[in-house]
Amino acid sequence: MSDSTYAMPLGGLPPQTQLTTNRAVFTDAFAVIPKGVMTDIVTSNLPFWENTRAWIIARPMSGFSESFSQYIVEVSPQGGSDKPELDPEAQAVLFVVSGAAQLLLGDTHHDLVEGSYAYIPAGATWALKNTSDAPVTFHWIRKQYEAIEGINRPEPFVTHEADIAPTAMPETDGRWATTRFVDSDDMRHDMHVNIVNFEPGGVIPFPETHVMEHGLYVLEGKAVYLLNQEWIEVEAGDFMWLRAFCPQACYAGGPGRFRYLLYKDVNRHPRLR
């Protein structure tokens with residue numbers, strides 16, 4: 001088992017003696033995919049990826065969340081892809097939760113390690129290889145880029161979580177802070193993938209009800225999360241998938257930090273057709 005500080009699927013298969021009942025739920029407003037259901041038999045293979053498997057934990061669905069897909073990708077040693085993305089309109093964020101890999105983005109090689117973050121614009125040429133002797137696991141979030149005449153397209157970049165200072169929410173004494181990899185005012189970007197951080201006792205003190213869709217993967221800790229009208233316990237390794245306007249709030253009771261990787265669509269008019 002990895003000593004990563006970020007949660008990731010453990011795989012395997014539960015024994016025949018295990019109870020079937022657990023915390024998995026899918027409603028018309030939200031879904032919770034707990035870590036215990038991310039087993040070997042629910043993984044997918046991807047075209048032109050070698051020695052690779054993926055847990056596809058979100059995909060566009062009519063009448064639910066429609067803007068993004070999210071995978072947890074595990075690449076074994078010597079695996080990877082020279083042709084990872086088949087959709088020329090798909091942009092991507094990669095966030096590494098365990099292991100190391102080499103990313104070729106355009107003509108530049110980047111060494112990715114645990115905590116690395118890469119933004120890959122739509123149409124960019126890229127490849128990823130695991131040249132280490134252990135698996136590498138990363139989140140791959142994909143969204144069709146909505147180009148706007150008169151606004152430049154965003155540039156690719158690679159950074160690391162440790163290089164980004166979290167921004168504290170007002171009047172929280174730092175108990176609730178967000179690690180923002182893209183400036184909120186940068187209109188080139190139509191999606192944000194951030195890390196939200198709560199110290200023990202931190203809360204979202206009202207039911208957020210807004211147009212943005214969300215994917216929330218718990219990287220560390222545990223909390224109770226308000227989803228629509230239900231308070232649900234979540235922990236490291238769980239994934240929450242929220243439809244637009246689903247009321248949401250959070251209470252992080254501790255004993256340690258509660259942190260999650262957050263996707264949301266931003267900076268564009270809602271499509272009318």
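Below is a summary of the structure that appears in this document. Residues take numbers from 1 onward in each chain, read along the sequence in its written order. For this predicted model, a pLDDT threshold of at least 70 governs which residues receive local features, and a threshold of 80 or more governs which side-chain atom pairs are given and counted, while totals over whole chains, interfaces and linings are taken from all residues. With hydrogens and water stripped out, all remaining heavy atoms of the structure feed into the side-chain values.

**Overview of the packing of aromatic side chains**
Here the distance between the centres and the angle between the planes together describe a pair of aromatic rings. Here the aromatic set is Phe, Tyr and Trp, taking the six-membered ring for Trp, and pairing holds for ring centres within 6.5 Å; pairs whose planes are under 30 degrees apart are stacked, those over 60 apart are edge-to-face, and all others are tilted. Per the counting criterion, the structure on display carries 18 aromatic pairs. Ring centres of W176 and F198 lie 5.7 Å apart, and the angle between their planes is 20°; this geometry places the pair in the stacked category. Placement of W176 in strand β13 (residues 176–179) and of F198 in strand β14 (residues 191–198) is noted, with a sequence separation of 22 residues between them. Relative accessibility thresholds used throughout: buried, under 20% of the residue-type maximum; exposed, over 50%; partly exposed, between the two (1.4 Å probe, protein chains only). Looking at W176, the relative accessible area reads 10%, which means it is buried. For F198, a relative accessible area of 1% gives the class buried. Among the aromatic residues, those joined into a ring-pair cluster are W49, Y71, W126, F138 and W140. The residue whose ring lies beneath K83 is F48, and the NZ or CZ to ring-centre distance is 4.4 Å. The numbering of helices and of strands both runs from the N terminus, where a helix is a DSSP run of H or I of at least 4 residues and a strand a run of E of at least 2. Our definition puts a charge over a ring when NZ of Lys or CZ of Arg is within 6 Å of the ring centre and also within 35 degrees of the ring normal.

**Re the pairing of strand β6 (residues 101–105)**
The alternating pattern of β6 places A101, L103 and L105 on a buried face, while none of Q102 and L104, on the opposite face, is buried. Across five bridges, the pairing between β6 and strand β7 (residues 108–112) is antiparallel. Each bridged residue has a counterpart across the sheet, and for L103 the counterpart in β7 is H110. Between β6 and the antiparallel strand that follows it, β7, lie two residues; G106 among them carries a positive phi value of about 65°. Between any two strands, pairing holds if DSSP finds at least two bridges. One ladder, built from four bridges, connects β6 with strand β9 (residues 126–129); its direction is antiparallel. Looking at the pairing, L104 lines up with A127 of β9.

**Section: the sheet that holds strand β18 (residues 230–235)**
With respect to topology, four strands assemble into an open sheet ordered β15-β20-β17-β18, the strand pairing being antiparallel. One side of each edge strand has no neighbouring strand; the edge strands of this open sheet are β15 (203–208) and β18. With direction set aside, neighbouring strand axes in the sheet form an average angle of 25°. Simply put, an axis is a line fit to the C-alpha atoms, just over the touching stretch for a helix, and the angle between two N-to-C directions goes from 0 to 180 degrees.

**Considerations on a nonpolar patch on the surface**
Nonpolar side chains (Val, Leu, Ile, Met, Phe, Trp, Tyr) within 5 Å and like charges within 9 Å form the patches, drawn only from residues with over 30% relative accessible area and no salt bridge. All accessible-area figures derive from a Shrake-Rupley calculation using a 1.4 Å probe, and residue coverage is judged against the displayed protein chains alone. Salt bridges are identified by distance alone: a Lys or Arg side-chain nitrogen within 4 Å of an Asp or Glu carboxyl oxygen. A cluster of nonpolar side chains, namely L13, I41 and V42, defines an oily patch on the protein surface of about 320 Å² accessible area. In this fold, I41 is placed in the loop between β2 (30–33) and β3 (50–58).

**Some words on the sheet that holds β13**
Overall, antiparallel pairing links the eight strands, which are arranged β1-β2-β19-β16-β21-β14-β13-β12 in an open sheet. Each of the sheet's edge strands pairs with one partner strand only, and the pair in question is β1 (25–26) and β12 (167–168). In the sheet, strand β16 (residues 214–220) pairs with strand β19 (residues 239–242) via four bridges, with the strands oriented antiparallel. Paired with H214 across the two strands is L242, which belongs to β19.

**With respect to the pattern of salt bridges**
Overall, the coordinates contain 15 salt bridges when judged by the stated rule. Residue R23 pairs with E235 through a salt bridge whose shortest N-O separation is 3.5 Å. Of this pair, R23 sits in the segment before β1 while E235 sits in strand β18, placing them 212 residues apart in sequence. Exposure remark for R23: the relative accessible area of 32% places this residue in the partly exposed category. Judged by relative accessible area, which is 30%, E235 ranks as partly exposed. R259 is paired through a salt bridge with E161; the nearest N and O atoms lie 2.0 Å apart. Of this pair, R259 sits in strand β21 (residues 258–265) while E161 sits in the loop between β11 (157–160) and β12, placing them 98 residues apart in sequence.

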